[in-house]
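Take a look at the letters that make up each chain.
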Amino acid sequence: MYWRLSTFYLFYFASLGALVPYWSLYLKHLGFTALEIGQLMALLMTTKIISPNIWGWIADHTGRPMAVVRLGSLLALVAFSLVFFVHDYWPLALVMVGYSFFWHAALPQFESTTLGHLGKEHHRYSQIRLWGSIGFIVSVASLGPLMDIAGPGWLPPVLLTLFGAIWLSSLGVPESRRHQEEEPGAGSLFELLSKPEVIALLAVCFLAQASHGPYYTFYTLYLEAHGYSHSTIGQMWALGVIAEIGIFMVMHRLAPQFGLRALLIIALLLTTVRWLMIGYWPDSLTLLLSAQTLHAASFGIFHAVAIALFHRHFRGRHHGRGQALYSSLAFGGGGAFGALYSGMGWESLGPAITFAIAALLAFFAAVIAWRWIEVGR
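Residues numbered from 1 in each chain as written. Predicted model: local features only at pLDDT ≥ 70, side-chain atom pairs only at ≥ 80, totals over all residues. Heavy atoms only, no water.

Some words on the side chain of Ser 170
Within the secondary structure, Ser 170 is located in helix α6 (residues 155–170). Once residues within four sequence positions are removed from consideration, Ser 170 is found in contact with Phe 8, Met 66, Val 69 and Arg 70. (Helix = DSSP H or I, 4+ residues; strand = E, 2+ residues; numbered from the N terminus. Contact = heavy atoms within 4.5 Å.)

Below you can see the structure in the form of structure tokens.
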């Protein structure tokens, strides 16, 4: 089961490694402005606000999250194929909304399935998830040289192939045998969402992901403007994920030793430092490399802690919707907000101020985590 689960993560995050760093290059290749690129990238995140919750509700009520994963992966593959026929703003926007609505359905329910298969050994999650990071590295590092040689026009065929691999890998993963009944004391979903610690967790996740807006939307274009080649840019992205893999390999030791709350606060403070380094010293390769290693904190530690906290709060029949909430509010709502303010501020305020805003959001998230999130080890 380890390799079946890991293979899905491998291909899913390989597609993310093609999409996130290079889709803005493809949009620029089509002639879109920075504002339009920000808006189109925001659409990818906006569907993530709605999609995971709809599919999460279906999965929790049918008890078949893997059926949702397979259907969503197949429909995303079909919808994305339309990218080859559209190049204007509104037609492309509609296609991006269509395929991302189905693409975003898959991961939260697969996360739920993975945790269901792991059962009481959920601390092993990061050892499986690290294969997603490996897929991201292979994708981002190999596509950089391809962009240098052949140009961004090769990106859609690569993504279509990866979407097909995601669907094929989903066919080999069975449904988990986790209990679908509500656990004693779980209460209603509304009662869970009314708890101050859950509200704080949702706010932290939203702000943390929103702080990634300039990075996910413009980092590639930012480095390109400062004279870095696409191969070097791909290696920079890969370095960040290598650091992420390293932290995933030791998270099962760090969490019991330091506690989830402390790790969360540390991760958010290091995220603040990372955005300031990127925003104000883009010509210093040494500082850029150091900033990329902090991806271990801004994503690696943060994501592992967030998954554990949502798993702790949302149990039984709320499990699928808990993972869907994390996906939709953080990566959907936060990601869309991040892409929008980045697109609006990139040319009017400049990259340095835009990254400073990102740093401020991460710092606010750290303050909320320090004040309102109280968890044991």
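Quick notes on the environment of Lys 28
Looking at the element boundaries, Lys 28 is found in helix α1 (residues 2–29). Residues Lys 28 and Leu 221 lie 193 residues apart in sequence; the distance between their C-alpha atoms is 9.0 Å. If near-sequence neighbours (up to four positions away) are discounted, Lys 28 is found in contact with Ile 37, Leu 221 and Glu 224.

Remarks on the environment of Ile 266
By secondary structure assignment, the location of Ile 266 is in helix α11 (residues 260–280). The spacing of Ile 266 and Ala 297 is 31 residues in sequence and 7.7 Å in space, taken between C-alpha atoms.

Some remarks on the packing of aromatic side chains
In the structure shown here, the tally under the stated rule is 35 aromatic pairs. Residues Tyr 9 and Phe 13 carry aromatic rings whose centres are separated by 6.4 Å and whose planes lie at 20° to one another, so their mutual orientation is stacked. Taken together, the residues span about one helical turn, with Tyr 9 and Phe 13 both in helix α1 at a distance of four residues. Considered together, Tyr 9 and Phe 13 belong to a single accessibility category, that of buried residues. (Phe/Tyr/Trp six-rings, centres within 6.5 Å; stacked < 30°, edge-to-face > 60°. Buried < 20%, exposed > 50% of the residue type's maximum accessible area, 1.4 Å probe, protein only.)

Details of helix α13 (residues 295–313)
Here α13 spans 26 Å end to end across 19 residues, near enough to the 27 Å set by a 1.5 Å rise per residue. A bend of about 25° at Phe 302 is the largest found in α13. A large share of α13 lies buried, amounting to 17 of its 19 residues. (Expected span 1.5 Å × (residues − 1). Bend = angle between axes of the 7 residues up to and from the residue.)

As for the side chain of His 212
Relative to the assigned elements, His 212 resides in the loop between α8 (196–210) and α9 (213–225). Every residue in contact with His 212, bar those within four places of it in the chain, is listed here: Thr 271, Trp 275 and Ser 298.

Comments concerning α8
If you check α8, its first and last C-alpha atoms are 21 Å apart, about what 15 residues at 1.5 Å a residue would give, namely 21 Å. Listed in full, the buried residues belonging to α8 are Val 198, Ala 200, Leu 201, Leu 202, Val 204, Cys 205, Leu 207, Ala 208, Gln 209 and Ala 210.

Here's the deal with a nonpolar patch on the surface
On the surface, Leu 269, Leu 360, Phe 363, Phe 364, Val 367 and Trp 370 cluster together to form a nonpolar patch covering roughly 590 Å² of accessible area. If you tally residues by element for the nonpolar patch, the top one is helix α15 (residues 351–372), at five residues. By the secondary structure assignment, Leu 360 is in helix α15. By relative accessible area, which is 46% here, Leu 360 ends up partly exposed. (Patch = residues over 30% accessible without salt bridge, like charges linked within 9 Å, V, L, I, M, F, W, Y side chains within 5 Å. Areas by Shrake-Rupley, 256 points an atom, 1.4 Å probe, with all protein chains shown as cover. Salt bridge = Lys/Arg side-chain N within 4 Å of Asp/Glu carboxyl O.)

What to know about empty space enclosed by the protein
By the definition in use, this model includes four cavities of 30 Å³ or more. By volume, the largest cavity amounts to about 460 Å³. In terms of lining residues, the largest cavity is bounded by 31 residues, among which Phe 13, Leu 16, Lys 48, Phe 299 and Phe 331 are the most central. In terms of residue class, the lining of the largest cavity is made up of 20 nonpolar, seven polar and four charged. (1 Å grid on protein atoms, 1.4 Å probe; cavity = no way out; pocket = protein on both sides within 12 Å on 5 of 7 lines; lining within 4 Å. Points joined across faces, edges and corners; volume = space filled by probe spheres on them. Nonpolar A, V, L, I, M, F, W, Y, C, P; charged D, E, K, R; others polar.)

Description of the packing of helix α2 (residues 34–62) against α9
At a minimum axis separation of 10 Å, α2 and α9 run at an interaxial angle of 140°. Regarding the angle of α2 to α9, the classification is oblique. α2 and α9 meet at a crossing whose hand is right-handed. Listed contacts from α9 to Ala 34, Ile 37, Gly 38 and Met 41 of α2 are Tyr 216, Thr 217, Phe 218 and Leu 221. (Axes fitted to C-alpha atoms, helices over the stretch in contact; angles between N-to-C directions. Parallel < 35°, antiparallel > 145°, perpendicular 65-115°, else oblique. Left-handed = near helix turned anticlockwise from the far one by under 90°.)

Comments concerning the pattern of salt bridges
In total, this model carries two salt bridges according to the counting rule given. Among the salt bridges present, the one from Glu 224 reaches Lys 28, with a minimum N-O distance of 3.2 Å. In this pair, Glu 224 sits in helix α9 while Lys 28 sits in helix α1, placing the two residues 196 residues apart along the sequence. Classification of Glu 224 by relative accessible area gives partly exposed; the value is 25%. Residue Arg 129 pairs with Glu 244 through a salt bridge whose shortest N-O separation is 3.6 Å. Note that Arg 129 is positioned in helix α5 (residues 125–150) and Glu 244 in helix α10 (residues 230–258), a separation of 115 residues in sequence. For Arg 129, a relative accessible area of 1% translates into the label buried.

Describing the confidence of the model for the protein chain
Low pLDDT means the predicted atomic positions in that stretch should not be read closely. Averaged over all residues, the pLDDT of the protein chain is 88; the fraction at 70 or higher stands at 94%. The lowest-confidence element of the protein chain is helix α7 (residues 189–193), averaging 75 in pLDDT; the highest-confidence one is α15, averaging 97. Contacts from residues 179–185, a stretch scored under 50 in pLDDT, to residues over four places away or in other chains number 13 contacts. (pLDDT = per-residue confidence, 0-100.)

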